[in-house]
Amino acid sequence: MSESVASKESREAAIAQGSAGRVMLEILIHGPLSRVELAERLGLSGPSLTRITKSLLADGRLFEGEPRLRATGRPPQPLELDASAEHFAGVKLTADTVYSVVTDLRGTARAEHEETLAGHAPALVADAIARSVRSLAGSFASVDGVGISLGGNSADGLVVTESHFLEWTDVPLARLVHDRLAVPVVVANDVTALTQAQHWFGGGRGLDSLAVVTIGAGIGMGLVADGRLIIGAHGALGSIGHQPLLPSEAVCWRGHHGCASALLTTGAVEQAALRASGRALSYGEVLHDAEQGDPSLRAVVDEAGAALGALLAGVTNLIDPQKIVLAGEGARLGEVAEPAMSAAFADTVAWRTVSAPIDVQPFAFNEWARGAAAMAIRARMLR
Ligand SMILES: [Zn+2]
């Protein structure tokens, strides 16, 4: 075989593999689709599509669903995805713990694991991640990819360019973990990863534009525009943690008065409650007692709610999304302080007549790890 024929064949094989991922992704996002619908959506000819679906049907990744009822003509037979055909590990790193899940192709968590992190040296963290994934992978035939998310940035999905809480600069975390597990590994900012999961499997499913704002130990934002996850030129899109929001006495560690970190993190709300009431309360207790009518805690929660309204109005003014999903451990603030949040939102938003619905998500901590798994699924579909 001549070299040019060999390279043409390998190029065609690569295109076919990429198209197979796109076929699976269309069904993942939009549900069962007929061959005609798939060919239209992907701009493929009928014969090309049939070739791709034939091999996906043969290896069990797709199966033929029940034909849809139609008044006339032959009913189209939709192709469905076998979600259990592949499994992915999602890993969320915090300062002291590795939280892991294994999900199927639809991001449904099938098993979970927690592992204490003894330190922040990159090799030690990679060892802990590998142990964690191995302990989960035992229950499945294999894990087909690993996604790792953390409070930090990665522009290429391989190297953590910056992570404040781990004190890392330019750590090749994907390679370190790949060396230990020999499966594809991708690294992402944790809010970016959560946004991907919300767009494919959560409250933002099927939307062309979506902002996910998270409140917790930090404040962050993720963005979907034109139907695609956007991460920015340096993987740092949505770094809104020190955005100035309200005139306030509260100050963050960088010395800003009234920024998002000074007013909105769970720690900032606990500090404000301590100053106002003299009581050391958890974030959940502050929200609960404010709901029960404690006046000093109601004032604390309303100031945080007003800060949240100003933040969400700023997001709306900048990107005009179809929906804002409010997530993270502190998201319930959006319900408890809804009047203060809405008043501040109305005061700051430019378009008073058209603003996106704000969807407050009930939040479980394993959603961070599910987000990381969504990034592994994304890498598998788009490779
Ligand atoms: Zn600040």
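One can find the structure itself at the top, above this paragraph.
Given the structure is predicted, the values throughout are model-derived calculations rather than measurements.

Draft legend 1. The arrangement of the overall build of the protein chain in detail. Of the regular secondary structure elements, the protein chain holds 13 helices and 14 strands. A compact globule built from 383 residues should have a C-alpha radius of gyration of about 21 Å, and the protein chain, at 23 Å, falls within 12% of that. In terms of principal-axis extent, the alpha carbons of the protein chain reach across some 75 × 55 × 35 Å. Scored against the burial criterion, the 383 residues of the protein chain give a buried share of 49%. Summed over all atoms, the accessible surface of the protein chain reaches about 17,600 Å², with 53% contributed by carbon and sulfur.

Draft legend 2. Representation of helix H6 (residues 190-201). In this model, H6 (twelve residues) spans 16 Å end to end at C-alpha, consistent with the 16 Å of a helix rising 1.5 Å per residue. The buried count for H6 comes to twelve of twelve residues, which makes it a mostly enclosed element. Every buried residue belonging to H6 is among Asp190, Val191, Thr192, Ala193, Leu194, Thr195, Gln196, Ala197, Gln198, His199, Trp200 and Phe201, and all of these are buried. N-capping of H6 is provided by Asn189, with a side-chain oxygen placed 2.8 Å from the backbone N of Val191.

Draft legend 3. Region of interest: the sheet that holds strand E6 (residues 145-150). The strand order E5-E4-E3-E6-E9 describes an open sheet built from five strands, whose pairing is mixed. The sheet is open, and its two borders are formed by strand E5 (109-116) and strand E9 (185-189), each paired with just one other strand. On average, adjacent strands in this sheet sit at an angle of 20 degrees to one another, irrespective of strand direction. The pairing of strand E3 (residues 88-93) with E6 spans five bridges and is classified as parallel. Bridge pairing links Ala89 to Val146 in E6. Across the sheet, helix H5 (residues 173-181) lies against E3, E6 and E9, angled at about 145 degrees from E9, the strand it touches most. Here H6 sits on the sheet and contacts E3, E6 and E9; the angle it forms with E9, its principal contact strand, is near 105 degrees.

Draft legend 4. Quick peek at the environment of Val336. Tracing the backbone through its elements, the reader meets Val336 in helix H11 (residues 333-336). For the pair Val336 and Gly31, spaced 305 residues apart in sequence, the C-alpha separation works out to 35 Å. With near-sequence residues (within four places) excluded, Val336 lies in contact with Leu287, Glu291, Arg298 and Val301.

Draft legend 5. The arrangement of the coordination of the zinc ion in detail. Coordination of the zinc ion by the protein is provided by His242 (ND1), Cys252 (SG), His256 (ND1) and Cys259 (SG), with metal-donor distances spanning 2.1 to 2.3 Å. Taken together, the four donor atoms coordinating the zinc ion span angles of 99 to 124 degrees at the metal, a pattern that classifies the geometry as tetrahedral. Sequence spacing among the residues donating to the zinc ion works out to H-x9-C-x3-H-x2-C.

Draft legend 6. Expanded view of the pairing of E3. With six of six residues buried, E3 is to be regarded as a mostly interior element. Alternating positions in E3 separate into two faces, Phe88, Gly90 and Lys92 on one and Ala89, Val91 and Leu93 on the other, with burial throughout. Here E3 pairs with strand E4 (residues 97-103) via six bridges, running antiparallel. In the sheet register, Ala89 faces E4, and the bridge partner there is Val102. Taken together, E3 and the strand that follows it, E4, pair antiparallel across an intervening segment of three residues.

Draft legend 7. Quick peek at the layout of surface pockets. If you add up the space inside the largest pocket, you get close to 1,200 Å³. In terms of lining, the largest pocket is formed by 45 residues, of which the most central are Gly151, His164, Ala217, Gly218 and Ile219. Every element with two or more residues in the lining of the largest pocket is listed here: E3, strand E7 (160-163), H6, strand E10 (210-215), strand E11 (219-225), helix H7 (260-264) and helix H8 (266-277). Taken as a whole, the second largest pocket holds about 370 Å³ of empty space. Forming the boundary of the second largest pocket are 19 residues, of which Leu25, Ile29, Trp200, Gly227 and Arg228 lie nearest the centre. Only helix H1 (3-30), helix H2 (35-42), H6, strand E12 (228-230) and helix H13 (366-382) provide two or more residues apiece to the lining of the second largest pocket. The greatest single-element share of the lining of the second largest pocket, amounting to five residues, is contributed by H1. Along the lines of polarity and charge, the residues of the lining of the second largest pocket split into seven nonpolar, five polar and seven charged.

Criteria and cut-off values
- Residues numbered from 1 in each chain as written.
- Predicted model: local features only at pLDDT ≥ 70, side-chain atom pairs only at ≥ 80, totals over all residues.
- Heavy atoms only, no water.
- Helix = DSSP H or I, 4+ residues; strand = E, 2+ residues; numbered from the N terminus.
- Rg over C-alpha atoms; globule rule 2.2 N^0.38 Å.
- Buried < 20%, exposed > 50% of the residue type's maximum accessible area, 1.4 Å probe, protein only.
- Areas by Shrake-Rupley, 256 points an atom, 1.4 Å probe, with all protein chains shown as cover.
- Expected span 1.5 Å × (residues − 1).
- Polar contact = N/O pair within 3.5 Å; in protein donor to acceptor, adjacent residues only side chain to side chain.
- Pairing = 2+ DSSP bridges.
- Axes fitted to C-alpha atoms, helices over the stretch in contact; angles between N-to-C directions.
- Contact = heavy atoms within 4.5 Å.
- Donors = N, O, S within 2.8 Å, 3.2 Å for Na, K, Ca; no water.
- Tetrahedral: all angles 85-135°; square planar, octahedral: opposite > 155°, others 65-115°.
- 1 Å grid on protein atoms, 1.4 Å probe; cavity = no way out; pocket = protein on both sides within 12 Å on 5 of 7 lines; lining within 4 Å.
- Points joined across faces, edges and corners; volume = space filled by probe spheres on them.
- Nonpolar A, V, L, I, M, F, W, Y, C, P; charged D, E, K, R; others polar.

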